[in-house]
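Working through the structure, step by step
The chain contents come next:
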Amino acid sequence: MENGKIEKKANYEKKIDVVFCGLIREKERFKKSINDLILLRKQGFVNQIILSTWDYEAKNNPEMVEFLEKNKVLIIASKEPADRGWGNIWCQMKSLEYGLNKIDENRFVLRTRTDVWINPEFIKKLAVEKEELLKITNNLPKGNKFKFKIWIPWYELTLPFYVADECFFGLCKDSKLLVNYNTEYDNKLKVDSGISHIRKSIDPFLKDY
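Here is a short report on the structure shown in this document.

Cut-off values and rules
- Residues numbered from 1 in each chain as written.
- Predicted model: local features only at pLDDT ≥ 70, side-chain atom pairs only at ≥ 80, totals over all residues.
- Heavy atoms only, no water.
- Helix = DSSP H or I, 4+ residues; strand = E, 2+ residues; numbered from the N terminus.
- Buried < 20%, exposed > 50% of the residue type's maximum accessible area, 1.4 Å probe, protein only.
- 1 Å grid on protein atoms, 1.4 Å probe; cavity = no way out; pocket = protein on both sides within 12 Å on 5 of 7 lines; lining within 4 Å.
- Points joined across faces, edges and corners; volume = space filled by probe spheres on them.
- Nonpolar A, V, L, I, M, F, W, Y, C, P; charged D, E, K, R; others polar.
- Salt bridge = Lys/Arg side-chain N within 4 Å of Asp/Glu carboxyl O.
- Polar contact = N/O pair within 3.5 Å; in protein donor to acceptor, adjacent residues only side chain to side chain.
- Contact = heavy atoms within 4.5 Å.
- Core = buried A, V, L, I, M, F, W, Y, C linked by side-chain atoms within 4.5 Å.
- Disulfide = S-S within 2.5 Å.

This paragraph deals with unusual backbone geometry. Non-glycine residue E26 carries a positive phi angle of around 40 degrees. Looking at the secondary structure, you find E26 in the loop between β1 (16-21) and α2 (27-43). Here the phi dihedral of K72 falls at roughly 55 degrees; this positive angle occurs in a residue that is not glycine. When you line up the elements, K72 lands in the loop between α4 (62-70) and β3 (74-78). Exposure remark for K72: the relative accessible area of 69% places this residue in the exposed category.

With that settled, consider empty space enclosed by the protein. Applying the stated criterion across every chain, the model contains 1 cavity of 30 Å³ or more. The space that makes up the largest cavity amounts to roughly 80 Å³. Around the largest cavity sit V18, F20, S33, D36, L37, L110, T112, V116, W117, I118 and I123, which together line it. Of the residues forming the lining of the largest cavity, the biggest block, 3 residues, is contributed by α2. Class assignment for the residues of the lining of the largest cavity results in 8 nonpolar, 2 polar and 1 charged.

Across all of its chains, the model carries 9 salt bridges by this definition. As a salt-bridge pair, E97 and K94 come within 3.6 Å of each other at their nearest N and O atoms. Of this pair, E97 and K94 both sit in helix α5 (residues 89-100), separated by 3 residues, roughly a single helical turn. Since its relative accessible area comes to 24%, E97 is described here as partly exposed. The exposure class of K94 is partly exposed, given its relative accessible area of 26%. Within the structure, one salt-bridge network assembled from shared partners comprises R25, R113 and D115.

Glancing now at the side chain of N61. On the secondary structure map, N61 appears in the loop between α3 (55-60) and α4. With a relative accessible area of 8%, N61 lands in the buried category. Of the polar contacts made by the side chain of N61, one reaches the backbone oxygen of E57; its length is 2.7 Å. The contacts of N61, once residues within four sequence positions are left out, are I24 and K27.

Our next topic: the nonpolar core. The nonpolar side chains of soluble globular proteins are, as a tendency, buried together. Counting 29 residues, the largest nonpolar core has I16, F20, F30, I34, L37 and L68 as its most contacted members. Secondary structure elements with two or more residues in this core: β1, α2, β2 (46-54), α4, β4 (108-112), α6 (120-133) and β5 (168-171). For this core, the element with the most residues is α2, which contributes 5 residues. Non-local contacts of L37, meaning those with residues more than four positions away in its chain, are made with V18, F20, V46, I49 and I123.

One pass over the full model with this rule turns up 0 disulfides. Of the cysteine sulfurs around C21, a residue in no disulfide, the closest is that of C172, at 11 Å. The class for C21 is buried, based on a relative accessible area of 4%. Not part of a disulfide, C167 finds its nearest cysteine sulfur in C21, a span of 11 Å.

Laid out in structure tokens, this is it:
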């Protein structure tokens, strides 16, 4: 009995959560992603699968909603912000915030979109090796704001803090640091593109650094 409990706990700790944020796009690709994740869930690599979207999106896609509910995907259908912000930034922030709020802060989460497909073998690698892959080895002078690194698929070399946000992977508590509603960036960041990317990744460091 005791061994069974330990085994179950270890298996749960290995699993990661997955949050899809935003509009329902590329439906066939989205279904492919969900089917891959369902298999990974059966194999013990994935825990929760969540879609954080808007109420009108759920209403306008009844077949997709039925498919998701049938496969035990949690749907968070919220009211879209009236003020969408520069580059729809407030929509992105709210969708991410609502999704992360359904996950324990000490669990690891993959944030992605419905139009993004990620190789399930890579997701397995993230699940199994997450703490080693994301381990922080160099401490900053004032300490690290993040407990672990956050994996991203790419970054822009010419603009500091311009990093990918269509998908990323990290500890839920760390990912919540990327949510902010600071409006000063619209005037502060004098760049032609990437403001929505930069404002997410730079904000946790501005006060202390």
